[in-house]
Amino acid sequence: MASIPSSPRWIVLKFGGTSVSERARWDTVGRLARERHQSGNARALVVVSALSGVTNALQAIAEGAHDPAGRMEALVERHRVFAHTLGLDADDVLGGRLTALRALATDARAQARPYDWQAEVLAQGELLSSTLGAAYLRSQGLDFGWTDARDWLDALELPHQSDWARRLAVSCQRDADDAWRARFAAHSDAPMLLTQGFIARHGDGGTAILGRGGSDTSAALFGALLRAQRVEIWTDVPGMFSANPREVPDARLLTRLDYAEAQEIATTGAKVLHPRALGPCRTAGVPLAILDTGRPELPGTLIEASVDPVPGVKAISRRNGIVLVSMETVGMWQQVGFLADVFERFRAHGLSVDLIGSSETNVTVSLDPSDNLVSTDVLARLSDDLAQFCRVKVIAPCAAITLVGRGMRSLLHKLSDVWATMGRERVHLISQSSNDLNLTFVIDEADADGLLPELHAELIDSEAMPVRETSVFGPRWREIDGQLRRRPQPWWQARRDELLGLADGATPRYVYDLATVRARARALAAVAPVDRRYYAIKANPHADILRLLVDEGFGLECVSQGELEHVFATLPDLAPDRVLFTPSFAPIDEYAAAFAHGVTVTLDNIEALMRWPEVFRGRTLWLRVDLGRGEGHHAKVMTGGLASKFGLPVDRIDAFLAAARPLGVRISGLHAHLGSGVDTPEHWRSVCDELGGIAERIGSILTIDIGGGLPIPYRDEDEPFDLDAWSVGLAEVKAAYPGYLLAIEPGRYLVAEAGALLLTVTQVVEKSGIRRVGGDAGMNALMRPALYDAWHDVHNLSRLDDTGTAEFDVVGPICESSDVLGRRRLLPAATVPGDILLVADTGAYGHAMANTYNRRELPGETVLPAQGEPQ
Ligand SMILES: *Cc1c(COP(=O)(O)O)cnc(C)c1O
């Protein structure tokens, strides 16, 4: 039996206005279509929009703007010029179309502006751009045909549709039979075809318009009708993101979504694709890709029916201008038809309701301005109407914050940080869709400012947004945009052999690279607005590190008498005025000892002053205040805020001064340390600014100390702290309060990256599908993961170049289930007992927090000789 050769399937490509307004972009259109045709053994159908701005100009004419003839003439000129740019003769290529364009301005119907005339006017932009494009691509030697989209897309008449919608916002038939497809395939020999978006055929033979998102919808319709291999929407953005990249530069490109998720994201936020455009592809099961004409090498977003969807939050979005209507009622709640009556009033005012929340006596609904004309007039009339059923309160403007993704219900436990952040705001309404795709919070619009980056980060940290699923999550916007500052290569990579030698039989062991400490110290010393630098020695009190930092001009900050004694034992000649003592709830003897040493003592409560006046009488103190909020990488390291034990609340400063005065206590410094790993330069600026204001009030202040807490990039995707931006913010505040010395007291920033913990692998075990690699120390050597869920990179130093990796949990030998240094880490699959693991960035709060739990010995410490020097 002879088989009938199957005709090649279609790939539909759609290009928007910016992609068809420049010659170089048309070259890209041609190249992409030809690639599809050649490598995909496909025919390419290219759907185009009008040149940028043309549809708006036509819209103005259709809506009766003055001087339609003059406006048409400007459009004629625009297309003539562009034809010239394309090296085409405008009269040859466009002659007839330009005549038709002019004629429409003086058409007898123009005065009355009937809808059929308006549709005709609006259609001209696509007809012109597609005609020019086809001529240009042919002139470049490409085998392109041209077809009129109206010959293939038929507008449907839907019940309840207005006359306007039947002409200017039509829906089209989405089904075609094989005969239709055969006709389409046969009507042109060209392997590549160009047609128009946005337009279709009305039942009366005239033109109809698809309305908003029109060209994307046209491409999707063609894709569905042709049973295409794929529809590609080429735009000027890389695809859909996990958040609006303008608001959240850390947003990830979403490389694969299923139709339902994409629909939800398009509806609740992303403007990349009109939600209407997905329907036809979804019904027909045709994959739809969003791609970036300017960056065709990026993966884009592929939307398709997925067989095994990745559960998790895919995107977070924010819609502004939401209006809430809260209806309070007494008694009539359970009455049949109550809700129907209420909603009938919304319908009568032409309002479509978005979200609904209800309780025994209250129903609250939200109105989205993008679906509704929610003017104050309309709302006033609606309220009047509803007043006969219930008490009405309008809450506006609000913002709707929506999380989208499959399996929202089973994720709720991972959202605790998100709930906590939301809980700080006034949440008016929470709605969870029963399709398990959407969770929406409605809060005051003003409260939503700046919230999205924070929520996005929390979703990632809690793994509610599973960014490690590389089949779904692509690069970050900042990365694509070239703004990502990468952390430098770690020092230990170049010293691998040396470290392996050191580790041999001598693990667990911390190793420190002093060159890194010195580099960080010098970077901070170069920050001009800072006058005094102290190193918080609790991060790592190793004697060599203290000596180095003092040598680099740093003072030292201690939090206990033990630290003080250690400092003076290590550096007997250190001037006491270079040492701070900032304890918390320390025994009073420690304060006395600190005064005896002559160091600067910081106090943070009135009670100690009152109880032990003799210890403080006549002394000069620094005062530690609590600015009422905390910051940091984990709740357990936020050292500000009313729930934290540190600092005198700002509203008790006057009481403190009143208690200090009779004792002759002078306050010469003002201190605040709000937390660790505070990564926004703006935060520092505001802390500094607040302290400046308080210092003015106190009067005797000489030094403002903004504490420590500078972050380091623990993860590959973390950026190094932006010292320049930080410095700019501090300089502004210094200019506002020029009379004070500005002090900082970082710990982590100086030493974290300089340290690495070396472990020897003890056992590798697989249990119930989870592979674990055990090291000869765990939470006893490094507490941070167990204590703060902290992240440290883990590497197999013995097999650094192995590419065949597998996921492991890295655990220690301690009898606690929290003895885990890292979960789901990629390590060489060949990892075996005896290999050396390196736990990175452990120079701060590593050895300093190590303990002998389970009677395991403390890890050793080795300071590495400067590179190239003999040992
Ligand atoms: C711990 C501490 C610091 C240092 O914090 P880092 O996050 O390591 O920079 C600074 N000041 C005080 C009072 C501290 O307790």
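For the chain, the name recorded in an unreviewed UniProt entry is aspartate kinase, with Luteimonas yindakuii as its organism. If you open the UniProt record of the chain and go to Sequence similarities (unreviewed entry), you find "Belongs to the Orn/Lys/Arg decarboxylase class-II family." In its Cofactor (unreviewed entry) section, UniProt records this for the chain: "pyridoxal 5'-phosphate".

Before going further, it helps to spend a moment on the overall build of the chain. Across its full length, the chain holds 28 helices and 37 strands. Reported as C-alpha extents along the three principal axes, the dimensions of the chain are approximately 100 × 75 × 55 Å. The 871 residues of the chain split such that 54% are buried. The long-range fraction of contacts in the chain, counting pairs at least 24 apart against all pairs at least 6 apart in sequence, stands at 75%.

The next thing to look at is the side chain of Asn540. Within the fold, Asn540 resides in the loop between strand 22 (532-536) and helix 19 (543-551). By relative accessible area, Asn540 is classed as buried at 3%. Here His542 takes part through its backbone nitrogen, which lies 3.0 Å from a polar atom of the side chain of Asn540. Those residues in contact with Asn540 that lie beyond four places of it in its chain are Tyr512, Tyr535, Ile545, Leu546, Val751, Gly843 and Glu861.

For the rest of this paragraph, the subject is the pairing of strand 36 (residues 836-839). Of the two faces of strand 36, the one carrying Ile836 and Leu838 and the one carrying Leu837 and Val839 are both buried. Here strand 31 (residues 755-767) runs beside strand 36; their pairing, made up of four bridges, is antiparallel. Residue Thr760 lies in a different strand from strand 36, and its bridge partner there is Ile836.

Their axes nearest at 8 Å, the elements helix 13 (residues 416-423) and helix 15 (residues 451-461) cross at an angle of 160 degrees. Considering their axes alone, helix 13 and helix 15 lie roughly antiparallel with respect to each other. Along this stretch, helix 13 crosses helix 15, giving a crossing that reads as right-handed. Along its contact with helix 13, which presents Asp417, Val418, Thr421 and Met422, the element helix 15 presents Leu451, Glu454, Leu455, Glu458 and Leu459.

Taking strand neighbours across the sheet as the criterion, the six strands line up as 15-16-14-17-19-18 in an open arrangement whose pairing is antiparallel. With one partner strand each, in any of the chains shown, strand 15 (353-358) and strand 18 (427-432) form the two edges of the open sheet. The mean inter-strand angle of the sheet, taken between neighbouring strand axes irrespective of direction, is 30 degrees. Pairing geometry for strand 18 and strand 19 (residues 438-444), over five bridges, is antiparallel. Its bridge partner lying in strand 19, Leu429 is registered against Val442. Contacts between helix 11 (residues 338-348) and the sheet are confined to strand 14 (315-328), strand 15 and strand 16 (362-367), with strand 16 contributing the most and set at about 25 degrees to the helix.

Another point: the domain arrangement of the chain. For the chain, the assigned domains read domain 1 (10-236), domain 2 (313-480), domain 3 (513-749) and domain 4 (753-864). One C-alpha centre belongs to domain 2, the other to domain 4; they are set 43 Å apart.

Nonpolar side chains collect at one region of the surface, where Leu412, Trp419, Val427 and Ile430 lie side by side and expose about 300 Å² of accessible area between them. Mapping Val427 onto the fold places it in strand 18.

Attention now moves to the UniProt feature "active site" (unreviewed entry) in the chain. Sequence positions flagged by UniProt for "active site" (unreviewed entry) are, in local numbering, Cys815. In this structure, Cys815 sits in the loop between strand 34 (805-811) and strand 35 (820-828). Every residue in contact with Cys815, bar those within four places of it in the chain, is listed here: Tyr853 and Asn854.

So, on to the pairing of strand 26 (residues 620-626). Across the seven residues that make up strand 26, a large majority, six, are buried. Of the pairings in the sheet, the one linking strand 25 (residues 600-603) to strand 26 comprises three bridges and is parallel in character. Directly across from Thr602, in strand 26, lies its bridge partner Trp622. Bridge count between strand 26 and strand 28 (residues 666-671): five bridges; the pairing is parallel. Its bridge partner being in strand 28, Arg624 is matched across the sheet by His671.

Take the packing of helix 1 (residues 23-39) against helix 5 (residues 115-139) next. Packing of helix 1 against helix 5 brings their axes to within 10 Å, and their N-to-C directions diverge by 70 degrees. As summarised for this structure, helix 1 and helix 5 are arranged roughly perpendicular, according to the angle between their axes. Here Arg23, Trp26, Asp27, Val29 and Gly30 of helix 1 come into contact with helix 5, specifically with Ser129, Gly133, Tyr136 and Leu137. In the contact of helix 1 with helix 5, the residues fall into four nonpolar, three polar and two charged.

What follows concerns the packing of aromatic side chains. Across all of its chains, the model carries 15 aromatic pairs by this definition. An aromatic cluster is defined as three or more aromatic residues linked by ring pairs; in this entry it consists of Trp10, Trp152, Trp180, Phe184 and Phe222. Here the basic side chain of Arg771 rests over the ring of Phe808, its NZ or CZ set 5.6 Å away from the ring centre. In this structure, Arg825 packs its charged tip against the face of Trp791, placed 3.5 Å from the ring centre.

What follows deals with unusual backbone geometry. Residue Pro397 is reached from Ala396 by a cis peptide bond, and omega for that bond is -5 degrees. Following the sequence through the fold, Pro397 ends up in strand 17 (residues 391-404). The amide bond that connects Thr507 to the next residue, Pro508, takes the cis arrangement and shows omega of -5 degrees. With phi around 55 degrees, Tyr845 is a residue other than glycine that occupies positive phi space. Along the polypeptide, Tyr845 turns up in the loop between strand 36 and strand 37 (860-864). One non-glycine residue with positive phi stands out, namely Arg855, at about 55 degrees.

In this section: the pattern of salt bridges. Between side chains of opposite charge, a pair can form when the charged atoms approach closely. Counted by the stated rule, this structure contains 51 salt bridges. Across the pair Arg295 and Asp292 runs a salt bridge whose closest N-O atoms are separated by 2.8 Å. Judged by its relative accessible area of 23%, Arg295 is partly exposed. It is possible to trace a salt-bridge network through shared partners that takes in Asp250, Arg476, Arg478, Glu479, Arg485, Arg486, Arg487, Asp716, Glu719, Asp793 and Asp841.

Calculation rules
Residues numbered from 1 in each chain as written. Predicted model: local features only at pLDDT ≥ 70, side-chain atom pairs only at ≥ 80, totals over all residues. Heavy atoms only, no water. UniProt positions renumbered as here; feature names shortened; annotations may be inferred. Helix = DSSP H or I, 4+ residues; strand = E, 2+ residues; numbered from the N terminus. Buried < 20%, exposed > 50% of the residue type's maximum accessible area, 1.4 Å probe, protein only. Contact = heavy atoms within 4.5 Å. Polar contact = N/O pair within 3.5 Å; in protein donor to acceptor, adjacent residues only side chain to side chain. Pairing = 2+ DSSP bridges. Axes fitted to C-alpha atoms, helices over the stretch in contact; angles between N-to-C directions. Parallel < 35°, antiparallel > 145°, perpendicular 65-115°, else oblique. Left-handed = near helix turned anticlockwise from the far one by under 90°. Domains from an automatic or database assignment. Patch = residues over 30% accessible without salt bridge, like charges linked within 9 Å, V, L, I, M, F, W, Y side chains within 5 Å. Areas by Shrake-Rupley, 256 points an atom, 1.4 Å probe, with all protein chains shown as cover. Salt bridge = Lys/Arg side-chain N within 4 Å of Asp/Glu carboxyl O. Nonpolar A, V, L, I, M, F, W, Y, C, P; charged D, E, K, R; others polar. Phe/Tyr/Trp six-rings, centres within 6.5 Å; stacked < 30°, edge-to-face > 60°. Lys NZ or Arg CZ within 6 Å of the ring centre and 35° of its normal.

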